[in-house]
Amino acid sequence: MQSKAKSVEEYLAALPEDRREAMAAIREVIMKNLPKGYEEGMQWGMPSCFVPLSAYPAGYNCQPDQPLPFVGLASQKNHMAFYGFCIYMDEELKNRFVADWKKSGKKLDMGKSCVRFKKLEDVPLKVIGDAVKRVPMKMFIKQYEAQLQQTSVGKKTAKKK
């Protein structure tokens, strides 16, 4: 469910209390561990942290007018979700994230682009914080560009240069 909220605070305020508490706690961990340079705001109807266009003017390849997404949080109909773009672009980081999550003893419900959970107790906050902390902005941009080069869009862009 995409929110029409204009700010992260407005988004959180509109949630039921249990979800608000869970999302606020995860957001706090993300913000505490967020490397320098990323910005927080609303992106695609959810609270997100991203590479600002001032740091990466090319933006997100699917929507160049959008900043490059780093992490996001969303309250969906049947679950809440952590979108860790920072771990999905690097197999080693993804494997470490999965291993750390499993070591926590918490059940991992991971899709192709998100980790789903029903309540805060389902989330090992330290694992989220560590995953975010591991990816400085320059490293993330480099990973993103490497992934982009493997797509048809990236290959076309490379030929034009």
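Within each chain, residues carry numbers counting from 1 in the order of the written sequence. Two thresholds apply to this predicted model, a pLDDT of at least 70 for residue-level local features and 80 or more for giving and counting side-chain atom pairs, whereas whole-chain, interface and lining totals are computed over all residues. Side-chain numbers here rest on the full set of heavy atoms in the structure, without hydrogens or water.

1. Considerations on the packing of aromatic side chains
The geometry of an aromatic ring pair is captured by the separation of the ring centres together with the interplanar angle, meaning the angle of the planes. The test is simple: Each aromatic pair joins two rings of Phe, Tyr and Trp (for Trp, the six-membered one) with centres within 6.5 Å, and gets the label stacked for planes under 30 degrees apart, edge-to-face for over 60, and tilted for any other angle. Starting at the N terminus, helices and strands are each numbered in turn, a helix being any DSSP run of H or I of at least four residues and a strand any DSSP run of E of at least two. Partly exposed residues are those whose accessible area sits between 20% and 50% of the maximum for their type, while under 20% is buried and over 50% is exposed, using a 1.4 Å probe and protein chains only.
In total, this model carries 9 aromatic pairs according to the counting rule given. When the ring of Phe-70 is compared with that of Phe-140, the centres are 5.0 Å apart and the planes differ by 85 degrees; the resulting orientation is edge-to-face. Of the two residues, Phe-70 is situated in strand E3 (residues 68-75) and Phe-140 in helix H6 (residues 137-149); the sequence distance between them amounts to 70 residues. Using a relative accessible area of 0% as the deciding quantity, one classes Phe-140 as buried. Ring geometry for Tyr-83 against Phe-85: centres 6.4 Å apart, planes inclined by 20 degrees, an arrangement best described as stacked. Accessibility expressed as a relative area gives 14% for Tyr-83, which makes it buried. A relative accessible area of 21% places Phe-85 in the partly exposed class. Grouping aromatic residues by their ring pairs yields a cluster made of Trp-44, Tyr-56, Tyr-60 and Tyr-144.

2. Points about the confidence of the model for the protein
The cut-off we apply is this: Per-residue confidence from the prediction method is given by pLDDT, with values spanning 0 to 100. The criterion used for residue contact is that any of the two residues' heavy atoms lie within 4.5 Å.
Per-chain confidence: the protein averages 90 in pLDDT, with 93% of residues scoring 70 or above. Ranking the helices and strands of the protein by mean pLDDT puts helix H5 (residues 125-133) first, with 97, and helix H7 (residues 152-160) last, with 48. For the stretch residues 156-161, pLDDT sits under 50, and the model shows 1 contact to residues farther than four places along the chain or on other chains.

3. Details of the pairing of strand E1 (residues 39-43)
This is how the line gets drawn: Strand pairing requires that DSSP identify at least two bridges connecting the strands.
As paired strands, E1 and strand E2 (residues 46-51) are joined by 5 bridges and run antiparallel to one another. Across the sheet, the residue bridging to Gly-41 is Ser-48, located in E2. Here E1 hands over to E2 after 2 residues, with Trp-44 in that stretch at a positive phi of 55 degrees.

4. Structural notes on the environment of Val-98
The residue Val-98 is located in helix H4 (residues 91-103) in this model. Separated by 12 residues in the primary sequence, Val-98 and Met-110 have C-alpha atoms spaced 8.8 Å apart. If we ignore the near neighbours within four places in the chain, the residues touching Val-98 are Leu-108 and Met-110.

5. Structural notes on the nonpolar core
What counts here: Joining through side-chain atoms within 4.5 Å is the link that ties buried Ala, Val, Leu, Ile, Met, Phe, Trp, Tyr and Cys residues into a set, and such a set is a nonpolar core.
One finds Ile-30, Phe-70, Phe-97 and Phe-140 to be the most contacted residues of the largest nonpolar core, which totals 46 residues. Among all residues touching Phe-97, those that are not within four sequence positions of it are Phe-82, Ile-87, Met-110, Val-115, Val-127, Ile-128 and Ala-131.

6. With respect to the packing of helix H2 (residues 17-33) against H5
The relative placement of two packed helices comes down to the angle between their axes together with the axis-to-axis distance. What counts here: Axis definition: a line fitted to C-alpha atoms, over the contacting stretch in the case of helices. Angles run 0 to 180 degrees between N-to-C directions. We call a crossing left-handed when the near helix sits turned anticlockwise from the far one by less than a right angle, and right-handed when that turn is clockwise.
Interaxial distance between H2 and H5 falls to 8 Å at its minimum, and their mutual angle equals 35 degrees. The hand of the H2/H5 crossing is right-handed. Contacts from Ala-25, Ile-26, Val-29, Ile-30 and Asn-33 in H2 reach Leu-125, Ile-128, Gly-129, Val-132 and Lys-133 in H5.

7. Remarks on the side chain of Ser-48
Operational definition: In protein, a polar contact requires one atom able to donate a hydrogen and another able to accept it; more generally it is a pair of N or O atoms within 3.5 Å, and residues adjacent in sequence count only if both atoms are side-chain atoms.
Relative to the helices and strands, Ser-48 is located in strand E2. Exposure remark for Ser-48: the relative accessible area of 5% places this residue in the buried category. In this structure the side chain of Ser-48 is engaged in a polar contact, spanning 3.1 Å, whose partner is the backbone oxygen of Met-46. Beyond its immediate sequence surroundings of up to four residues, Ser-48 is in contact with Glu-39, Glu-40, Gly-41, Gln-43, Val-71 and Gly-72.

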